[in-house]
Amino acid sequence: MTVDDANSGGVAEPAGPSATEGPSGTTPGTPSGTPSGGTSGSSSGTSSKPRAGSADAAGAPEAAPAPAPEPSSAYPTPHHVVDHTVEPTDDPLAIRLEQLILGADRRYTPFQAARTAGVSMELASRFWRAMGFADIGQAKALTEADVLALRRLAGLVEAGLLSEPMAVQVARSTGQTTARLAEWQIDSFLEGLTEPPEPGMTRTEVTYPLVELLLPELEEFLIYVWRRQLAAATGRVVQAADDEEMVDRRLAVGFADLVGFTRLTRRLEEEELGELVEAFETTCADLVAAHGGRLIKTLGDEVLYAADDAGTAAEIALRLIETLSHDETMPALRVGIAFGTVTTRMGDVFGTTVNLASRLTSIAPKDAVLVDSALAEELTRTGEAPVSETGAAEEAARAEKEGERAPTYRFALQPMWQRPVRGLGVVEPWLLGRRPT
């Protein structure tokens, strides 16, 4: 049973109670096996016993008594904003934590929330799924905040500020980003902070007051960082040469990949492997940001980054190699960079340039950087690398003879053998290095 089922088959909107109460009569989205017509009671289920996490369990009265209980399998999994995969619970602390974080009690079924927000069930379902939440049938699990979020998104569409597909993209990008953030904070941050400070205390006894103190501070910090990132991204877009470049831009894209990571997974304990991955991702993220790049995503043993110019991408790649090669706990690293037109969507990058960077990484030697011919040409065009080492040597000799200062270059490029690359034809990779000082 999905939230869409409540709007399928020409089901008429129930009459009678307001949207804040469980409608009587035929409940939209009633689980299969429940007789239609003549069944009255709460829209959140048909059990006479309050289910965990429901409005009854939180202390809110129902509009009418419910009929005899049905098997628990008839009920879909309740909606949890913190983690929608969590099973129902009678744990008072879990209920209190949810109310603390959400700032409200569970009050609405999906149908009621959509109706109160003035949004169709179809659109409401698309928004909820895009945000990453499971279908919940007609469980009474939504709050005033859910209604307000629906109303805001629908209002942007009605005002013509966003198209409906764009509004769904906003929901999806926000949901995916914050889901990972929430998982990280719960798994790593809160887990470490909620170690019982005194013998005999349980972690649950520490969690509630800690969340109560941290929640407003973390919320403010999240908004601050988001505004900062939004300002930086907006600045990059408005500086684009034309409208087409706002979406399809010329960027340098780099992949950095740990060599032999699969073998490591068989040899290291899970905790050791987790620490290695975290150290790798942290080091890469810091170096990419410090030198003016943007970390697109991490894939455990691999990171993807982008930069607006070839020199920035090249510097980041060499810094990654130099930094990680001095860490004895890290495997060897290899990096591939390509330069060209890239399509950006929802914070990710796509296109032939990205695919080429990935292929170059797979054929790069250990602790080395391979770049494509387009990036090599860009480095020579901007004067950051010589056209050829022979020409650079001749130029330096001539400058010395004439008492002039010889040109300086940041990078050195060594042509490699041309080779076929699956799906991309024949490519000419270049080995990137630093010029001796």
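Since we're looking at a predicted model, the values are computed, not measured.

Caption draft 1: Fine view of the overall build of the protein chain. What the protein chain contains, in helices and strands, is 13 helices and 10 strands. In the protein chain, which comprises 437 residues, the proportion classed as buried is 37%. Taking as baseline every contact in the protein chain between residues at least 6 positions apart, the subset at least 24 positions apart corresponds to 66%.

Caption draft 2: Spatial organisation of unusual backbone geometry. With a phi close to 50 degrees, Asp367 is a non-glycine residue in the positive phi region. One can find Asp367 in the loop between helix H11 (352-363) and strand E6 (368-371). Residue class for Asp367 comes out partly exposed when judged on its relative accessible area of 37%.

Caption draft 3: Expanded view of the packing of helix H4 (residues 121-130) against helix H5 (residues 144-158). The N-to-C vectors of H4 and H5 enclose an angle of 110 degrees; their axes lie 11 Å apart at closest approach. By the criterion of interaxial angle, the relationship of H4 to H5 is roughly perpendicular. Here Ala124, Phe127 and Trp128 of H4 come into contact with H5, specifically with Leu150, Leu153 and Ala154. Of the residues belonging to the contact of H4 with H5, the class tally is six nonpolar, no polar and no charged.

Caption draft 4: Focus on a positive patch on the surface. Together, Arg263, Arg266, Arg267 and Lys366 make up a region of like positive charge exposed at the surface. For Arg263, the location among the structural elements is in helix H8 (residues 261-267). Here Arg263 falls in the exposed class, since its relative accessible area comes to 55%.

Caption draft 5: Region of interest: the pairing of strand E10 (residues 430-434). Relative to E10, E6 is paired through three bridges, and the arrangement is antiparallel. If you follow Val371 over to E10, its bridge partner there is Trp430. Direction of pairing for strand E7 (residues 411-415) relative to E10: antiparallel, over a ladder of five bridges. Counterpart to Gln414 in the pairing with E10 is Leu431.

Caption draft 6: Region of the structure containing the environment of His291. Mapped onto the elements, His291 comes out in the loop between helix H9 (270-290) and strand E2 (294-298). You can call His291 partly exposed: its relative accessible area is 27%. Note: C-alpha distance between His291 and Thr312 (21 residues apart in sequence) is 6.8 Å. The residues touching His291, leaving out its near neighbours within four places in the chain, are Thr312, Glu315, Ile316 and Arg319.

Caption draft 7: Up close: the packing of H9 against helix H10 (residues 310-325). At a minimum axis separation of 10 Å, H9 and H10 run at an interaxial angle of 140 degrees. Classified by the angle between their axes, H9 and H10 sit oblique to one another. Along this stretch, H9 crosses H10, giving a crossing that reads as right-handed. Where H9 approaches H10, its residues Phe280, Thr283, Cys284, Leu287 and Val288 are matched on the opposing element by Ile316, Arg319, Leu320, Thr323 and Leu324. Considered class by class, the residues forming the contact of H9 with H10 number seven nonpolar, two polar and one charged.

Caption draft 8: Examining a negative patch on the surface more closely. A cluster of acidic residues, Glu269, Glu270, Glu271, Glu272, Glu275 and Glu278, forms a negative patch at the surface. What makes Glu270 exposed here is its relative accessible area of 74%.

Caption draft 9: Structural detail: helix H13 (residues 389-401). With 13 residues, H13 extends 18 Å from end C-alpha to end C-alpha; this agrees with the ideal 18 Å at 1.5 Å per step. Of the residues trailing H13, Gly403 is marked for its positive phi of about 75 degrees.

Caption draft 10: Up close: the packing of aromatic side chains. Tallied over the full model, the rule gives one aromatic pair. Ring geometry for Phe221 and Tyr224: centres 6.0 Å apart, planes at 40 degrees, overall tilted. One end of the pair, Phe221, and the other, Tyr224, are both in helix H7 (residues 203-238), three residues apart, so they sit about a helical turn from each other. What makes Phe221 exposed here is its relative accessible area of 52%.

Caption draft 11: Molecular detail of a nonpolar patch on the surface. Residues Ile223, Trp226 and Leu230 make up a contiguous nonpolar surface patch of about 300 Å² in total accessible area. Along the chain, Trp226 turns up in helix H7.

Caption draft 12: Highlighting the pattern of salt bridges. All chains considered together, the criterion is met by 13 salt bridges. With its nearest N and O atoms 3.0 Å apart, the salt bridge here joins Asp348 to Lys297. Taken as a pair, Asp348 in strand E5 (residues 348-350) and Lys297 in strand E2 lie far apart in primary sequence, 51 residues in all. Assessed through its relative accessible area of 16%, Asp348 is described here as buried. Across the salt bridge formed by Arg410 and Glu384, the nearest N and O atoms sit 2.5 Å from each other. Here Arg410, found in the loop between H13 and E7, pairs with Glu384, found in the loop between helix H12 (373-381) and H13; they are 26 residues apart in sequence, far enough to count as distant.

Caption draft 13: Fine view of the confidence of the model for the protein chain. For the protein chain, the mean per-residue pLDDT works out to 76, and 73% of the residues sit at or above 70. Within the protein chain, E6 carries the highest mean pLDDT (96), whereas helix H1 (residues 55-58) carries the lowest (37). Residue range residues 1-89 is modelled with pLDDT below 50. Its contacts to residues more than four positions away, or to other chains, number 158 contacts.

Caption draft 14: Main features of H4. Burial runs high along H4: seven of the 10 residues are buried. Among all positions in H4, only Met121, Leu123, Ala124, Ser125, Phe127, Trp128 and Ala130 are buried. In the stretch just after H4, Gly132 is the one whose phi turns positive, near 100 degrees.

Caption draft 15: Representation of the side chain of Asp257 within the structure. The residue Asp257 is located in strand E1 (residues 248-258) in this model. With relative accessibility at 9%, the residue Asp257 sits in the buried group. Those residues in contact with Asp257 that sit more than four places away from it in its chain are Asp301, Glu302, Ala332, Leu333, Arg334 and Thr361.

Definitions and limits used
Residues numbered from 1 in each chain as written. Predicted model: local features only at pLDDT ≥ 70, side-chain atom pairs only at ≥ 80, totals over all residues. Heavy atoms only, no water. Helix = DSSP H or I, 4+ residues; strand = E, 2+ residues; numbered from the N terminus. Buried < 20%, exposed > 50% of the residue type's maximum accessible area, 1.4 Å probe, protein only. Contact = heavy atoms within 4.5 Å. Axes fitted to C-alpha atoms, helices over the stretch in contact; angles between N-to-C directions. Parallel < 35°, antiparallel > 145°, perpendicular 65-115°, else oblique. Nonpolar A, V, L, I, M, F, W, Y, C, P; charged D, E, K, R; others polar. Patch = residues over 30% accessible without salt bridge, like charges linked within 9 Å, V, L, I, M, F, W, Y side chains within 5 Å. Areas by Shrake-Rupley, 256 points an atom, 1.4 Å probe, with all protein chains shown as cover. Salt bridge = Lys/Arg side-chain N within 4 Å of Asp/Glu carboxyl O. Lys, Arg positive; Asp, Glu negative; His and termini not counted. Charge placed at Lys NZ, Arg CZ, Asp CG, Glu CD. Pairing = 2+ DSSP bridges. Left-handed = near helix turned anticlockwise from the far one by under 90°. Expected span 1.5 Å × (residues − 1). Phe/Tyr/Trp six-rings, centres within 6.5 Å; stacked < 30°, edge-to-face > 60°. pLDDT = per-residue confidence, 0-100.

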